[in-house]
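# Results of the structural survey
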Amino acid sequence: MCCLPAQAAVHVLVVSGLGGEAEYAKRFADQASHIAQASQSVAGDAQHVRLLSAEAATAAAVEQSLTSLAGTLRSGDQLIVVLIGHGSYDGSDYRYNLPGPDLTGARLVKLLDAFAPAVQQLVVVATSASGALAKPLQRAQRVVITATKSGAERNATRYASQWERALTTDAADRDKDGTVTAQEAHDFAERQVADAFKADAALATEHAQLVGDGASRIVVALLGAKALYAADAQLQVLRGEQQQVEARLDAARSRKDTMSEDAWYGALEPLLVEIAKLDQRIDAREAQLSTAGGAR
Amino acid sequence: MKRLLMCVLAVGLLPAVAALQFDGDPQRATALRPCDADRDRGRQAESRRCYQALANSAAPALVRAEAQWALGDLRAANELFRAAAAAAPRSVQPRLRWGRLYLAAHQYAEASALFAEAQQLDANSFELQVAAAELGAQRFQGGAALEELGKLAAQQPQRAEPLLITSQLQLDAGDTAAAIDSAARALTLLESQQRTPLAALSALAAAELAAGRDPQATVDKALRFNPRYGDIHATLARTEIMRRRYREAAQWLQRAVQVEPDNWQALEELGVNQLRLGDAEGARRALERAYAGDPFSATTVNTLRVLDTLPQYTVEQSSSPPLALQLHRKESAVLQPYVEQLARQAVASFSARYGWQPKQPIRIELYPNHDDFAVRTAGLPGIGLLGVTFGDVVAMDSPSGRRAGDFHWGSTLWHELAHVFTLSATDHRVPRWLSEGLSVFEEWRTGPTPGVAIEPNVMDAWSAGKLLPVARLDEGFMRPAYEGQVQVSYAQAGLVCLFIEQRYGIDKLVALLHQYQRDTTVPAAVQAALGLSSEAFDIEFAAFMKQRFAPWAADPKRLRVQLRAAQTALEKKDWEAATRAAREAVQVLPEYTGSASGYLLLAAARLGASDKPAAIEALLAWRAAGGWDPEGQRQLVQLLSEAGGEAEALPVRVALNLVDPLAIADHQPLGEQLLKTGKPLEARREYRALLALQTQDPAAAWLGLARAEAAAGNAALARRHALQSLEIAPHFRPAQQFLLELRGEPAP
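Residues numbered from 1 in each chain as written. Chains lettered and ligands numbered in written order. Predicted model: local features only at pLDDT ≥ 70, side-chain atom pairs only at ≥ 80, totals over all residues. Heavy atoms only, no water.

The secondary structure content of chain B amounts to 41 helices and five strands. In terms of C-alpha radius of gyration, chain B reaches 30 Å, essentially the compact-globule figure of 27 Å for 748 residues. Summarising the internal contacts of chain B: among those between residues at least 6 apart in sequence, 61% fall at separations of at least 24. By element, 51% of the accessible surface of chain B is carried by carbon and sulfur atoms, the whole surface being about 29,000 Å². One finds the centroid of the 79 positive side-chain charges in chain B at a distance of 0 Å from the centroid of its 84 negative side-chain charges. (Helix = DSSP H or I, 4+ residues; strand = E, 2+ residues; numbered from the N terminus. Rg over C-alpha atoms; globule rule 2.2 N^0.38 Å. Contact = heavy atoms within 4.5 Å. Areas by Shrake-Rupley, 256 points an atom, 1.4 Å probe, with all protein chains shown as cover. Lys, Arg positive; Asp, Glu negative; His and termini not counted. Charge placed at Lys NZ, Arg CZ, Asp CG, Glu CD.)

Residues and elements named next belong to chain B. Mapped onto the elements of the fold, Thr239 is located in helix 15 (residues 231–242). Since its relative accessible area comes to 5%, Thr239 is described here as buried. With residues up to four places along the chain from it excluded, the contact list for Thr239 reads Leu171, Ala206, Leu209 and Ala210. (Buried < 20%, exposed > 50% of the residue type's maximum accessible area, 1.4 Å probe, protein only.)

Across the contact, 31 residues belong to chain A and 29 residues belong to chain B. At the surface where chain A touches chain B, the tally comes to nine salt bridges. Between A:Lys176 and B:Asp697 there is a salt bridge, with the nearest N and O atoms lying 2.8 Å from each other. Sorting elements by how many residues they give to the side of chain A that touches chain B places helix 8 (residues 261–292) of chain A first, with 14 residues. (Salt bridge = Lys/Arg side-chain N within 4 Å of Asp/Glu carboxyl O.)

Bringing the state of the cysteines into the picture now. Every disulfide links exactly two cysteines, by a covalent bond between their sulfur atoms. Residues and elements named next belong to chain B. Evaluated as defined, the whole model comprises one disulfide over all chains. Through a disulfide, Cys35 is tied to Cys50; the S-S separation comes to 2.0 Å. Torsion about the S-S bond of the Cys35 and Cys50 cystine: about -65°, corresponding to left-handed handedness. On the criterion of sequence distance, the pair formed by Cys35 in helix 3 (residues 33–40) and Cys50 in helix 4 (residues 44–55) is long-range, its members being 15 residues apart. (Disulfide = S-S within 2.5 Å.)

Bringing the side chain of B:Ser424 into the picture now. All names here are of chain B. Tracing the backbone through its elements, the reader meets Ser424 in helix 22 (residues 409–425). Overall, Ser424 belongs to the buried group, its relative accessible area being 19%. Contacts of Ser424, omitting those with residues within four sequence positions, involve Trp356 and His419.

What follows deals with the packing of aromatic side chains. Here the structure, examined in full by the defined rule, presents 20 aromatic pairs over all chains. Here the aromatic rings of B:Phe477 and B:Tyr490 are separated by 5.2 Å at their centres, their planes lie at 85°, and the arrangement is edge-to-face. Here B:Tyr490 lies in helix 26 (residues 485–504) and B:Phe477 lies in helix 25 (residues 473–478), a separation of 13 residues in the sequence. Grouping aromatic residues by their ring pairs yields a cluster made of B:Phe350, B:Tyr354, B:Trp356, B:Trp414 and B:Phe421. The ring of A:Phe197 has A:Arg158 lying over it, and the distance from NZ or CZ to the ring centre is 4.0 Å. One Lys or Arg, B:Arg41, reaches over the ring of B:Phe225 and ends 3.7 Å from the middle of that ring. (Phe/Tyr/Trp six-rings, centres within 6.5 Å; stacked < 30°, edge-to-face > 60°. Lys NZ or Arg CZ within 6 Å of the ring centre and 35° of its normal.)

Before going further, it helps to spend a moment on the packing of helix 15 of chain B against helix 16 (residues 246–259) of chain B. Residue and element names in this part refer to chain B. In contact at an axis separation of 8 Å, helix 15 and helix 16 are set at 170° when each is read in the N-to-C sense. The orientation of helix 15 with respect to helix 16, classified from their angle, is roughly antiparallel. Two secondary-structure elements touch here, helix 15 through His233, Ala234, Leu236, Ala237, Glu240 and Ile241 and helix 16 through Tyr246, Glu248, Ala249, Trp252, Leu253, Arg255, Ala256 and Val259. Broken down by class, the residue content of the contact of helix 15 with helix 16 amounts to 10 nonpolar, one polar and three charged. (Axes fitted to C-alpha atoms, helices over the stretch in contact; angles between N-to-C directions. Parallel < 35°, antiparallel > 145°, perpendicular 65-115°, else oblique. Nonpolar A, V, L, I, M, F, W, Y, C, P; charged D, E, K, R; others polar.)

Now for the domain arrangement of chain B. All names here are of chain B. Each assigned domain of chain B is listed here: domain 1 (13–240), domain 2 (308–428), domain 3 (430–548), domain 4 (551–662) and domain 5 (665–748). Put simply, the middle of domain 2 and the middle of domain 5, counted by C-alpha atoms, are 31 Å apart. Of the residues lining the interface, five residues belong to domain 2; the matching set on domain 5 comes to six residues. The junction of domain 2 with domain 5 conceals about 460 Å² of combined surface from both sides, 67% of it contributed by carbon and sulfur atoms. Three residues stand out in domain 2 for area buried against domain 5, namely Val334, Tyr338 and Gln341, and they jointly supply 78% of the buried area on that side. Summed over the shared surface of domain 2 and domain 5, the result is zero salt bridges. Across the contact surface, domain 2 and domain 5 share three residue pairs in polar contact (both at pLDDT 80 or more). (Domains from an automatic or database assignment. Buried area = accessible area lost by both parts, 1.4 Å probe. Polar contact = N/O pair within 3.5 Å; in protein donor to acceptor, adjacent residues only side chain to side chain.)

This paragraph deals with the environment of B:Gly387. Mapped onto the elements, B:Gly387 comes out in strand 4 (residues 387–390). A residue is classified by how much of its surface remains accessible, and B:Gly387, at 0% relative accessible area, is buried.

What follows covers the sheet that holds strand 6 (residues 103–104) of chain A. All names here are of chain A. Spatially, 4-5-6 is the arrangement adopted by the three strands of the open sheet, whose pairing is antiparallel. The two strands at the open ends of the sheet, each matched to only one other strand, are strand 4 (87–89) and strand 6. The pairing of strand 4 with strand 5 (residues 94–96) spans three bridges and is antiparallel. Paired with Ser88 across the strands is Arg95, a residue of strand 5. (Pairing = 2+ DSSP bridges.)

Okay, the sheet that holds strand 2 (residues 323–328) of chain B next. Residue and element names in this part refer to chain B. The strand order across the open sheet built from five strands is 1-2-3-5-4, with neighbouring strands paired in mixed fashion. Whereas interior strands pair on both sides, the edge strands pair on one side only; in this sheet they are strand 1 (313–318) and strand 4. Ignoring strand direction, the axes of neighbouring strands in this sheet form an average angle of 15°. Both strand 4 and strand 5 (residues 393–397) contribute to a ladder of four bridges, which runs antiparallel. Within the sheet, the bridge partner assigned to Gly387 lies in strand 5 and is Met396. The strands touched by helix 21 (residues 370–378) within the sheet are strand 1, strand 3 (362–367), strand 4 and strand 5, with strand 5 carrying the most contacts at an inclination of about 150°.

Printed below as a string of structure tokens:
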């Protein structure tokens, strides 16, 4: 249940920083590549997804990409930035480790602040010490996710690999609507990281945080058929009808606290049945298109 | 067997921290003697005035330290002893007395350091040797201490202290006749020297009680000497605690604080003992009084802190059988069904076996914080226990209290519940070895990990001739003479019970237990139940061991040689060589099922050779022999599932809950399989567990629950749960389809 206007554009920048060791370098590059690939489902146009990896991922390249995007994106558009790798914090500023000069936190803030205020931003900094950026990056129309709670959590993080999993499988799609929102992806990644530390009986060295409103309205991946056949007119009509029922469902949810349990489920059932029947028609149409190799 | 090493009754814990003090040092300053005399006679006001005057005087620091100690100001005493030691760097006495202060405060490391320092100044000091022996006795190093005490008694036969400490050690070892004799000799000496007889009277009363005699005459004699001598009752309470008779202990402790209301130690022990009886409120009342008088006791402070956490727990009561489950709120919803089901099975099994029915609820407490469990059990953190039984109260680590795979909580609970029955059926007379042996035997025979599981170090002890005669088997628990003997004794006790069952039948094993419905000895019980002397029994048991463990006996080094060979071959990916060595390791000691056992090496070797059927066979054999490591069981589940053996995998999936019920990934597939095999009520438990564990896929869990309710015939609940699933995930196709089917609107 996302809410971008039909004409809004989504642009994604994924950066894989220095690994230090070969194992980390490969891991970061792979994660960035998979996230970029998954992001195409929401960006629609492959040109809207930029991947900076290995030697190409310099501070200058990041600056150039963001500056260029700042000139391109209009109000209502959406920017998703994902930074993977190692970060550090010296007590006054964050540094993102890149080939050549590092990108400082202060510079990153400046680059992101250059976008039009009404551009919805999601900034995921999945590096060590990234918690230092949470406050400086905080701004209206921007959701910030950091892998750590402060600059003092300096160990290599596990968050990026779980963010990658959230975008590339259906594990994070809690409401099973075929879309993964930033909130769902974050909830999933955060829990997986915590569980992994618990399973290892290890002290957790990272505690992710999400700052800003609207994470549940930012879609970071579309799964399965949802990513297909977006152009089919019949499906567009059905999905339009579906959005109307979902709007009624949202309205009903807002009244839940005032109702008894029986009354609530009594009110909920017809709406859910309506959605189920619409989904049946959508599935049937998608199956038809699939058999016919229809337009996407 | 790691679990067995650590799984003990509370026997012997309290005496270690609250033993009698036998401080008759004649070198203490003569200025203290009038004050001591008033104290020993119970003239409290006079003695306090006397000590106070000394404390405020210009007497040497050592004298003032003693006076402050007697007044209960341990901090001031400590500082004064420190000053006395600093002022006399070559003197034994201040260090000895300072060490005694720490000994009395149960701070054994500090006491030991001070005694060691004093020993460097005078290695031959008799008083120092007595103090060191007492420290050894309190630290439960009885074996070595007894020998030393014999020498000290011979060296100075007019001194009563070595005899008194000896009496206590003899009592710990169950030799009540010798304990009475030692205490009586000490009493004679003290009376002939016109010294206070109170310590000797306490020791004598304790030995009399342990021997089944009425100690009242001795108690009366002590109270005639000092009407406020509560310590004699406290000593008798400790004797009852040694015998796990906690209700009787509570009565003695009540009397102790009646005659001596400011006996903080007795109040502390009363508080800790009330917890053993499941009386948290009574415990708090006593401990708060103890704290008011002695805020330095770690036991009192720690136990009060744990009591403060009790609101974080829920207590679920159930009847038929009566159970009270105390579980932490954060995990009670997950654990309660598994704990209750297993407890019910255990109670049914043991009731039938031992002919005793619980009359009041058996209380089962699970602690997610191991230190809380340790404090609740012994008053101090850092004990290596997993579970403890106090009569009809079982306390143990929760599965979340340790890393997954570190222990099998189901077996621990089974073991402890067996204690409830063997203790209750004999009014706590059953000796330690038999209660532990039956618990181990029940783990093997009826518990959740059937199979006689034996660790190689137990076999090492057997090969080295270190197993004890049955009549002395308690010593292996009470006074271990070598590292690991407690663990060996658990296994030996279990094997003794196994032998009796196999050679004489289960009825005879139960008959042996029932011999302890009255006071008896091991030889008499063996004779009455089995018709032979304990010496003859030992010979038969030795023959049983030789026969059962013949492959091991043929070459006691072979197991480890083969395990190493298998490991090395696995590292070299020489699967066939690894297979041969691992198979031989299994043949040498099939009872060894630990994480480095031949079974698991064999499975790894066969998997390496892509021979999955043989890997499955190895893992199934491992489980049948008692193997339970969760990763090994998960591997077996996966292999069986891949091979289409879901039916065989199902009991393995179920068994995982008795090791690692908090592992979220296991519940969904288990729920599915239970549904498929027509067990909706058990499936429901799994889906509820998923929800309680806050699964990241609650919509699927609600749907599972809906399907389970539908299969159980609860249509209304099924519909509600389907809606709960769709409330979270309105587009969840399987839930949509399920709801439409319930509504009679099948898919087009």
